[in-house]
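# Examination of the molecular architecture
If you want the building blocks of each chain, they are given just below.
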Amino acid sequence: MPLINSTDISTFKVPEKNPERLRLALSHEFVELYRGDKDLRVGKLFCRKYDAEIVHFGTDIASPADSRVFNDVSFSSAHVGQLPDSYYLLLMKSKLIYHRRGNISLGGFFRYTPGLAREIIRWKPDLILENPYLTLTPRSYMSALAAYRLSIPLVYLDCGDIMPALTLKHKLVMPIEKTVARRAAAVITYNEAGKNRFIQKYGMPPESIHVIPKPVDIDRFKSNIDGRRIRDRYRLQDKLVVSYFGRLETNKGARYLLDAAAILRSDPSVRNLSFMFVGGNLESDQALAFSNHLRELNLDNVIVTGMIPNQDMPEYYAASDIAVYPDVTNLPGFSTVLAESMACGLPIIIGIAGWESAVPLKDIETALIIPPRRPDLIADKLRLLVHRPELRRSLSQNVSAYAQNNMSYDRVVDKYYELFCRLLKRPIGKGTKLNEYDKHPGHEIPICR
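Nothing here was measured: the structure is a model prediction, and the numbers come from that model.

### Some words on unusual backbone geometry
With phi around 55°, Asn298 is a residue other than glycine that occupies positive phi space. Its location among the elements puts Asn298 in the loop between α9 (284-297) and β13 (302-304). Judged by its relative accessible area of 63%, Asn298 is exposed. Positive phi is not limited to glycine here, since Ile364 has a value of about 75°.

### Brief notes about the sheet that holds strand β10 (residues 209-211)
The sheet built from eight strands is open, its strands ordered β1-β4-β3-β2-β7-β8-β9-β10 with parallel pairing. Each of the sheet's edge strands pairs with one partner strand only, and the pair in question is β1 (3-4) and β10. By the bridge criterion, five bridges tie strand β2 (residues 23-28) to strand β3 (residues 53-59) in an arrangement that is parallel. Its bridge partner lying in β3, Leu24 is registered against Ile54. Sheet strands touched by helix α1 (residues 38-50): β2, β3, β4 (87-92) and β7 (127-131). Its angle to β4, the strand with the most contacts, is close to 145°.

### A word on the pairing of strand β15 (residues 348-351)
Every second residue of β15 is oriented toward a common face, with Ile348 and Ile350 on one face and Ile349 and Gly351 on the other, all of them buried. Relative to β15, strand β14 (residues 322-325) runs parallel, the two sharing three bridges. Bridge pairing links Ala323 to Ile348 in β15. Regarding the hand of the β-α-β motif, the stretch spanning β14, helix α11 (residues 336-343) and β15 is right-handed.

### Here we look at the pattern of salt bridges
A complete count under the given rule lists 24 salt bridges for this structure. Two residues, Asp60 and Lys93, come together in a salt bridge whose shortest N-O distance is 3.8 Å. Of this pair, Asp60 sits in the loop between β3 and α2 (64-70) while Lys93 sits in the loop between β4 and β5 (95-98); the two residues are 33 residues apart in sequence, bridging distant segments of the chain. The class of Lys93 is exposed, set by a relative accessible area of 60%. One salt bridge connects Glu249 with Arg247, and the closest N-O pair in it is separated by 3.4 Å. The burial state of Glu249 is the same as that of Arg247; both residues are buried. One network of salt bridges, with partners in common, ties together Arg21, Arg23, Asp51 and Glu53.

### Topic: a nonpolar patch on the surface
A cluster of nonpolar residues, Leu168, Leu172 and Val173, forms a patch on the protein surface that exposes about 310 Å² of accessible area. Mapped onto the fold, Val173 is located in helix α5 (residues 168-181).

### Considerations on the packing of α1 against helix α14 (residues 409-424)
It is the contact of α1 with α14, at a shortest axis distance of 10 Å, that shows an interaxial angle of 70°. By the angle between their axes, α1 is roughly perpendicular relative to α14. For the pair α1 and α14, contact is made by Lys38, Arg41, Val42, Leu45, Phe46, Lys49 and Tyr50 and by Tyr409, Asp410, Val413, Asp414, Tyr416, Tyr417 and Phe420, respectively. For the contact of α1 with α14, the class distribution of residues is nine nonpolar, no polar and five charged.

Criteria and cut-off values
- Residues numbered from 1 in each chain as written.
- Predicted model: local features only at pLDDT ≥ 70, side-chain atom pairs only at ≥ 80, totals over all residues.
- Heavy atoms only, no water.
- Helix = DSSP H or I, 4+ residues; strand = E, 2+ residues; numbered from the N terminus.
- Buried < 20%, exposed > 50% of the residue type's maximum accessible area, 1.4 Å probe, protein only.
- Pairing = 2+ DSSP bridges.
- Contact = heavy atoms within 4.5 Å.
- Axes fitted to C-alpha atoms, helices over the stretch in contact; angles between N-to-C directions.
- Right-handed = clockwise from strand over helix to strand, strands pointing away.
- Salt bridge = Lys/Arg side-chain N within 4 Å of Asp/Glu carboxyl O.
- Patch = residues over 30% accessible without salt bridge, like charges linked within 9 Å, V, L, I, M, F, W, Y side chains within 5 Å.
- Areas by Shrake-Rupley, 256 points an atom, 1.4 Å probe, with all protein chains shown as cover.
- Parallel < 35°, antiparallel > 145°, perpendicular 65-115°, else oblique.
- Nonpolar A, V, L, I, M, F, W, Y, C, P; charged D, E, K, R; others polar.

Here is the structure:
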């Protein structure tokens with residue numbers, strides 16, 4: 001497996017470059033394995049489908065989240081799985097820098113990798129694909145320098161989160177940040193919100209920004225999974241299960257679904273409901289706040305599973321009848337659990353009114369959209385879905401179809417590849433269509449959410 005440790009990077013001989021083969025550099029602040037292997041999957045598919053070479057400039061340290069989940073300060077390479085022969089993952093010597101303390105799920109840190117620009121130049125990729133933060137970090141400046149020195153395109157792959165008001169510190173560096181960001185050849189972003197941010201913040205031309213939805217493994221997350229094992233485990237056989245997926249943190253609003261459960265507890269028309277919270281916490285104070293609120297409400301129709309291994313997640317979606325996300329506005333964005341819920345065809349209630357540009361959902365058609373942090377409206381929409389099974393079916397069918405048609409890794413990587421070929425002025429090849437990609441051993445990572 002071509003995984004190169006920090007002590008071996010300087011002596012590792014860079015393979016001779018084949019001019020007919022795309023050499024793609026991947027740069028991300030951290031490969032956060034606990035949330036999924038999205039970066040790795042994209043790189044693997046480029047190798048296997050388009051015979052590309054991937055040079056992934058990683059880090060020898062774990063992200064703050066991974067270090068807590070895996071209890072390891074070093075990069076958890078044991079969880080990477082099998083890499084193709086043409087995939088080089090460099091675990092570069094790095095240092096973790098905090099610029100703001102607090103809830104780590106909201107950022108406030110970056111890595112410093114002194115030799116990044118030099119190493120990118122040494123590998124001479126054809127194109128750099130970088131995941132920027134909401135603000136540019138030292139890594140972004142170094143990859144921009146390397147792209148300039150090599151005269152190659154730099155493409156940003158942006159998560160599409162809606163940024164809060166600029167701090168004074170950010171305003172001071174904005175002139176430099178804007179100059180660097182505008183040198184990017186193109187931006188890929190998961191939603192219209194991300195596109196608008198790059199236009200408004202950096203003044204980038206709209207035609208250089210491409211909205212391509214977040215990819216999801218539609219072969220694992222789908223609507224025909226058997227969830228009976230999970231329903232049996234929690235004695236949910238005859239229940240209509242309302243589920244929340246993700247970290248039980250204040251900014252995600254899990255407590256408001258508890259409040260909705262309390263409202264519906266005394267409603268005789270919806271006695272058959274059970275509420276399942278699938279997730280845990282990275283911050284002890286966040287865990288305490290949620291558990292205290294649950295205890296205060298004294299609910300007997302609530303199940304809290306804690307963190308679940310990634311390989312079991314499809315069954316938890318399948319064991320659910322409705323998914324609720326009470327607050328998707330802090331920060332507004334397109335989360336992985338939302339993408340997975342969509343692929344599984346769950347009817348979704350989402351508290352994101354006013355920030356709809358962050359998600360590819362339409363009210364009544366593919367989800368029920370409400371203002372955030374409104375347990376009364378969550379309760380109203382749950383009553384509606386309980387009494388209108390035909391609405392549940394239509395929401396399920398429509399959102400699943402959208403995910404199947406737009407969010408598969410195969411389709412998303414095709415769009416990335418076509419864009420890269422245009423930027424490099426190369427003919428768009430057919431590639432090797434590997435619809436059986438997921439049958440390759442080692443692609444699945446035993447992670448937790």
